[in-house]
Amino acid sequence: MLCSTHFYMGVHARIRENLRQSFVIIQNMSAEFSSTDLVNWQQQAYQYLIQENYSRAAKLYEQAIELEPSVKSSYWYLGLIWLLQGQEAETQTTWLVGMAEGEPEQVDQWTKELIQVLDTEAERQEALSNYSVAWLIRQHLRELSPSDIDNLLQIIQLSIRLERFSGEDLTSLGIIDLLQSEEDVQVNPDLLLKVLQNLLDSAPTELSFLEFAEACLPYMGESQAFINMVLPASIKIAYSQKYPTLAAQLAELCLRLDGEHREILRHLASFYQNSGQYDESIKTAKFCYSLMQTLPDKIFALHLILRGLMSAGGLGQEAYSLLQQQESLLLALIEKQPLELEQITTLRLSTPTFFLPYYRDDLKRNRWIQNQVSWICQSSIQHYAKEQAEQYRQKCQLSSMKGTTDNPLKIGYLSHCLGRHSVGWLARWLFEYHDHDRFQIHGYFVNYRQIDDFLQDWYVEQVFQAHKLGMDGREIAERIYQDEIDILIDLDSITLDISYEVMALKSAPVQVTWLGWDASGLPSIDYFMADPYVLPDSAQAYYSEQIWRLPQTYIAVDGFEVGVPTLRREQLDIPTDAVVYLSSQGGYKRHRHTAQLQLKILKAVPNSYFLIKGFVVQEAIKKFFIEIAEEEGVDCNRLKFLPSVALEATHRANLGIADVVLDTYPYNGATTTLETLWIGIPLVTRVGEQFAARNTYTMMINAGITEGIAWTDEEYVEWGIRLGKDEALRQQVVWKLRQSRQTAPLWNAKQFTREMESAYQQMWQRYIDAS
């Protein structure tokens, strides 16, 4: 392969002499031959070349060289013909002959001509989708001109197409060094953006990619083009590919081009939070809030600040004050009743009510605010998607014949959590036991995760049709509409704006919310799944959805996989005869008042320890609890902070170190409660009014135990102390829980599935009767 222009000047002396003699012989063979004839001859030869009749083309170029050896283009094309046939040695010899006897200035000029020929042919081959050939030609171009950055970028493009790209290519080809050099590098900005886009699509996690993206910044004449490309890609990287740290680094690059870009700041705050960089998340969200002008923007920016604060350490004083401020802004929004908001503004308003149940147990007020905000959002969604919503509304006027057919009901499940997520672990039993003769199950996987997730793969296999979807709510709604789904079950509620938008468009005749959160309050939702215990009898007055109470429980599982424990008391310096309390919740559920009650229990029980496990950085959660311990007069050495573990089965096995689990309030555990009860550990819960404050209550009732159910703060402390001091009572509860595995509704997922299916059939019949 050719190395560079200097290669020609340094050929071995014997070879150079042979080439010189060949050149002289060819010159002596030349005869009278007009320039017009030569041009025609070359044109004919080139036509043979593009027709891939290489033998005839080569013959004509060889004859042209014999007749007019000073016309160098014939050498370039003849060498190209050998290259296209894979004969690289002949290629090099031919080009070297063409370069022979030239002065340095001539060789430089001939090299430029050869480069032009090869570049044109590489483009032609790429247009024909002959990417391997184009790649080979460009590799020869690289030897001729190592610093031609546009050619190097084209090599990267072709490597990606051929699926042979390695992150090392950006370094080994010298692209990053060239872009970072202080020399005047001439680069095609459109090509640079195109390569960046292809790398974002195919290899954003390669180690050298971030360095390449940073090196591109000085060449971005139009900074918005870079932002418009990189920011959406960073969102995908954060949520679909689960690389929030890389997403944050890319967003930081965008911010260097526009330091007050509010959209960048919004996403960057979330990326920081998802990657555990809570201080940066809070700082960024606060700066974002300072730039906001409109009421909806201020509400969402406050939500971002709260998300960072509560994830980091729980509901402390600053978060409490911000929640009060946010509620005031929400009330102002409700008073204004804006009904024609833009799409992005509307979707952002779908989530800021999220923290109300964590903040307080006030069913009436929380639901009223939730319902009002959702009414505003749905009105706006159906305004900006008016034609789409109207089309769905007309289609939902079902004919009476639909109700008399024997076809299975089409059930659609909509969620971004059908994988290794709390919702994914709990919903799987319903999918396992569905009667596929009577129900045709469709799975709508929102923002399908492009990662190794065995549970997500399992869900894909369980459904009649699995739709691996992106993040466009209107496209998802159209997919559901085209599938003619009868009943659509939303597992996300207000935890995801995409699902929220889908449900607001009402693409299925009957729509239901189940499992993932409390009801959204969207008028387009027909039913909210509950049971006799998880909501008080008076709750219907506060819900826009019809509460559908299943006969026993709104959730059931057949159990959990339990691994090998990795925690032992001696590792934590806890005596074998000590009483161990445990709280295993995320920062959102760490309410200061409940933490005070928990430490009162600890203080009252001698030789007791409190294990605190969460999903946040150790220092933040330590600060939260140590401050409260000092206020309550509890020795901080009795607090043990546990790191998270990678595998859910290990986490469940480690629960066995505890004697008593202390639940959170006003937002109870859900998956953590089920895991605790399955392992067989006594549990203390504080029951409230709202759905989130009654989760553990309904699960304990449906597991057959009442010991540990408290209706006041005082009872919560009393049960905590009693279970800590009374070993016999603890053993009695453990025995009941073990026995309940054979009899309790909570552990009978097959029966639960039949009850859900019965509910679906009744819902459908109601719809038919009302049509």
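Everything discussed here concerns the structure shown above.
Residues numbered from 1 in each chain as written. Predicted model: local features only at pLDDT ≥ 70, side-chain atom pairs only at ≥ 80, totals over all residues. Heavy atoms only, no water.

## A word on the overall build of the chain
- Scanning the chain from N- to C-terminus turns up 35 helices and 13 strands.
- Taken over the C-alpha trace, the chain has a radius of gyration of 35 Å; the compact-globule value for 771 residues is 28 Å, which it surpasses by more than 25%.
- Dimensions of the chain, computed from C-alpha atoms along their principal axes, come out at roughly 115 × 70 × 55 Å.
- Within the chain, buried positions represent 57% of all 771 residues.
- Taking the contacts inside the chain whose residues are at least 6 apart along the sequence as the reference set, 71% of them involve residues at least 24 apart.
- On the chain, roughly 32,600 Å² of surface is accessible, and the fraction owed to carbon and sulfur atoms is 48%.
- If you average the places of the 66 positive and of the 99 negative side-chain charges in the chain, the two averages end up 8 Å apart. (Helix = DSSP H or I, 4+ residues; strand = E, 2+ residues; numbered from the N terminus. Rg over C-alpha atoms; globule rule 2.2 N^0.38 Å. Buried < 20%, exposed > 50% of the residue type's maximum accessible area, 1.4 Å probe, protein only. Contact = heavy atoms within 4.5 Å. Areas by Shrake-Rupley, 256 points an atom, 1.4 Å probe, with all protein chains shown as cover. Lys, Arg positive; Asp, Glu negative; His and termini not counted. Charge placed at Lys NZ, Arg CZ, Asp CG, Glu CD.)

## Some points on the environment of Gln732
- On the secondary structure map, Gln732 appears in helix α34 (residues 727-740).
- Take Gln732: its relative accessible area is 39%, and that puts it in the partly exposed class.
- Residues Gln732 and Gln370, spaced 362 residues apart in sequence, show a C-alpha to C-alpha distance of 42 Å.

## Notes on the state of the cysteines
- In total, this model carries 0 disulfides according to the counting rule given.
- Summary of cysteine pairing: Cys216 is not part of a disulfide, and the nearest cysteine sulfur, belonging to Cys254, is at 12 Å.
- Take Cys417: it sits in no disulfide, and the sulfur closest to it among the cysteines is that of Cys377, at 19 Å. (Disulfide = S-S within 2.5 Å.)

## A short note on the sheet that holds strand β1 (residues 409-415)
- Pairing is parallel across the open sheet formed by 7 strands, whose spatial order is β3-β2-β1-β4-β5-β6-β7. Unpaired on one side and paired on the other, β3 (465-468) and β7 (546-549) mark the two borders of the sheet. On average, adjacent strands in this sheet sit at an angle of 25 degrees to one another, irrespective of strand direction.
- In this structure, strand β2 (residues 439-445) lies alongside β3, joined through 4 bridges in parallel fashion. Opposite Phe445, over in β3, you have Lys468 as the bridge partner.
- On the sheet, helix α27 (residues 497-505) packs against β1, β4 (487-490) and β5 (510-513) and is oriented at approximately 155 degrees with respect to β4. (Pairing = 2+ DSSP bridges. Axes fitted to C-alpha atoms, helices over the stretch in contact; angles between N-to-C directions.)

## Regarding the packing of aromatic side chains
- Applying the stated criterion across every chain yields a total of 32 aromatic pairs.
- For the ring pair Tyr46 and Tyr77, a centre distance of 5.6 Å and an interplane angle of 75 degrees mean the geometry is edge-to-face. Remark: Tyr77 occurs in helix α5 (residues 73-84) and Tyr46 occurs in helix α3 (residues 35-50); sequence separation between them is 31 residues.
- The class for Tyr77 is partly exposed, based on a relative accessible area of 21%.
- Grouped by ring-pair contacts, the aromatic residues Phe354, Phe355, Tyr358, Trp517, Tyr588 and Tyr667 constitute a single cluster.
- Across from the ring centre of Tyr289, 5.0 Å away, lies the NZ or CZ of Lys298, which sits over that ring.
- Across the ring face of Tyr665, the terminal group of Arg686 is positioned such that the distance to the ring centre comes to 4.4 Å. (Phe/Tyr/Trp six-rings, centres within 6.5 Å; stacked < 30°, edge-to-face > 60°. Lys NZ or Arg CZ within 6 Å of the ring centre and 35° of its normal.)

## Considerations on the pattern of salt bridges
- Within this structure, the stated rule accounts for 28 salt bridges.
- Across the pair Glu121 and Arg124 runs a salt bridge whose closest N-O atoms are separated by 2.8 Å. With Glu121 and Arg124 both in helix α7 (residues 104-127), this residue pair falls 3 residues apart, about one helical turn.
- A salt bridge links Arg420 to Glu648; the nearest nitrogen and oxygen atoms lie 2.8 Å apart. Pair noted here: Arg420 is in the loop between β1 and α24 (422-433) and Glu648 is in helix α30 (residues 648-654), with a separation of 228 residues, a long-range link.
- Three or more residues joined by partner-sharing salt bridges are found here, namely Glu263, Arg266, Asp297 and Arg348. (Salt bridge = Lys/Arg side-chain N within 4 Å of Asp/Glu carboxyl O.)

## With respect to the layout of surface pockets
- In this structure, the second largest pocket occupies an estimated 470 Å³ of space.
- Of all the secondary-structure elements, those providing two or more residues to the lining of the second largest pocket are α17 (278-291), α18 (295-312), α19 (317-336) and α29 (618-632).
- In terms of residues, the lining of the second largest pocket owes the most to one element, α29, which gives 4 residues.
- Among the residues making up the lining of the second largest pocket, the classes are represented as 8 nonpolar, 4 polar and 5 charged. (1 Å grid on protein atoms, 1.4 Å probe; cavity = no way out; pocket = protein on both sides within 12 Å on 5 of 7 lines; lining within 4 Å. Points joined across faces, edges and corners; volume = space filled by probe spheres on them. Nonpolar A, V, L, I, M, F, W, Y, C, P; charged D, E, K, R; others polar.)

## What about the nonpolar core?
- Counting residues in hydrophobic clusters, the biggest one holds 112 residues, and the most contacted among them are Trp514 and Tyr760.
- Considering every element that reaches this core, the biggest residue donor is helix α35 (residues 749-770), with 9 residues.
- When neighbours within four sequence positions are excluded, Tyr760 is seen to be in contact with Leu409, Ile411, Tyr413, Leu430, His434, Phe439, Ile487 and Ile489.
- In this structure, Leu347, Tyr358, Tyr500 and Ala504 belong to the second largest nonpolar core, which totals 62 residues. (Core = buried A, V, L, I, M, F, W, Y, C linked by side-chain atoms within 4.5 Å.)

## Some points on the side chain of Ser415
- Locating Ser415 in the fold gives a position in strand β1.
- Owing to a relative accessible area of 1%, Ser415 belongs among the buried residues under this scheme.
- At a separation of 2.9 Å, a polar atom in the side chain of Ser415 contacts the main-chain amide nitrogen of Cys417.
- Not counting chain neighbours up to four residues away, the residues in contact with Ser415 comprise Tyr444, Phe445, Val446, Leu491 and Asp492. (Polar contact = N/O pair within 3.5 Å; in protein donor to acceptor, adjacent residues only side chain to side chain.)

## Some points on the side chain of Asp659
- Tracing the backbone through its elements, the reader meets Asp659 in the loop between α30 and β11 (660-662).
- Polar contacts involving the side chain of Asp659 include one to the side chain of Arg569, which spans 3.0 Å.
- Here Val580 takes part through its backbone nitrogen, which lies 2.7 Å from a polar atom of the side chain of Asp659.
- Setting aside residues up to four positions removed in sequence, Asp659 forms contacts with Arg569, Ala578, Val579, Val580, Ile681, Pro682 and Arg730.

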